[in-house]
Amino acid sequence: MLENVLTILQTPSSSFALLGVLFLIGFGLYLRRIKLTTSILINISLMLALAFLLHQLRLYHFPQGGSVTPGGMIPLLIISFRYGAGVGALAGFVFGLLNMIQDPFILHPIQVLFDYPLPYMAMGLAGLSRNFILAAIIAFAGRFACHFISGVVFFASYAPEGMSPVIYSLTANATYMLPEMLICCVILKFLPVERLLRAMDKNTPNPYLAANSNTR
C-alpha cells in the first residue's frame, strides 16, 4: 500500500495535487477563525467587481492564457492591505473562480487548481507587509510560482522543440506577469492607498493603522 502511494507521488502532477489540496484544506481551517462582517463582504464584492471590470480592459491577451491589464490586481491588493492575508486570499479564491468562468483554458483538473484559485489566493500575501510596493512584489511572486508550476508540469508540450519546459514556463509567465506587476506598482506609487485604507470600513480594525501605531 505504501509503495503504491509513493509510486503515485513520484509523478509531478500527483505531488502538486497533494500540495494544492493540503493548502486548500489548511486555508479552509484558517477561514474558520476569520469573522466576516457585512461590511467586509460588501467591500470584497465591490473590489471583486472592480477587478473583474479591469480584467475586461486587457492591454494584451496571450493565446495559452494570461493577460496584461491596467492594474487588474489592484483591488485584490487593496483588500489584502485592508483586511490581511486571510481575507485577501478568500477574495482571490473567489476571483480565481470567476476568472475561470470568464476565460477558461483547461488541460487537467490539477492545472485548473494552479492556474485559477491558487495564484489569485497568493495575492493575499500582500497582507503580510505594510510596504505596499514590497507587498505587491511578494504577492506577484506567489502568483508567479503557481503559474510557473502549472507551466512546467502541464504546458511542457507547448515548449518549442529543444527548449526546456522550465525555461519555457519561466519565459511565458514572465512575459505577462512582469508587465502586470510593474503596472500595479506604478499605480500603487501614485494611488492614495493610505487614505483609501483609512476610509474603508471604519468599524473593522485596520491592521495598517495598528502596525503604524506600534512603530510610533
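Basis of the calculations
Residues numbered from 1 in each chain as written. Predicted model: local features only at pLDDT ≥ 70, side-chain atom pairs only at ≥ 80, totals over all residues. Heavy atoms only, no water. Buried < 20%, exposed > 50% of the residue type's maximum accessible area, 1.4 Å probe, protein only. Helix = DSSP H or I, 4+ residues; strand = E, 2+ residues; numbered from the N terminus. Core = buried A, V, L, I, M, F, W, Y, C linked by side-chain atoms within 4.5 Å. Contact = heavy atoms within 4.5 Å. Expected span 1.5 Å × (residues − 1). Arc of directions from axis to C-beta.

(A) Spotlight on helix α4 (residues 74–83). Most of α4 sits out of view: 10 of its 10 residues are buried. Three or more residues of α4 are buried, namely Ile74, Pro75, Leu76, Leu77, Ile78, Ile79, Ser80, Phe81, Arg82 and Tyr83.

(B) Local environment of the nonpolar core. Counting residues in each nonpolar core, the largest one holds 37 residues, and the members touching the most others are Met73, Leu76, Leu77, Ile78 and Phe81. Counting residues per element, the ones that place at least two in this core are α3 (38–56), α4, α5 (85–102), α8 (132–154), α9 (165–190) and α10 (193–199). Sorting elements by how many residues they give to this core places α4 first, with seven residues. Excluding its chain neighbours within four sequence positions, the residues that come into contact with Leu76 are Leu48, Ala91, Gly92, Phe95, Tyr120 and Met123. Of all hydrophobic cores here, the second largest spans 12 residues; its members include Ala89, Met121, Phe155 and Tyr168.

(C) Structural view of α3. With 19 residues, α3 extends 27 Å from end C-alpha to end C-alpha; this agrees with the ideal 27 Å at 1.5 Å per step. Taken residue by residue, α3 has Ile40, Asn43, Ile44, Met47, Leu48, Ala51, Leu54 and His55 as its buried positions. Burial along α3 is one-sided: seen end-on, the buried residues are contained in an arc of 135°. In α3, the exposed positions that point more than 90 degrees away from the buried face belong to Thr38 and Leu46. Residues of α3 that are buried in the fold lie against α4 and α5.

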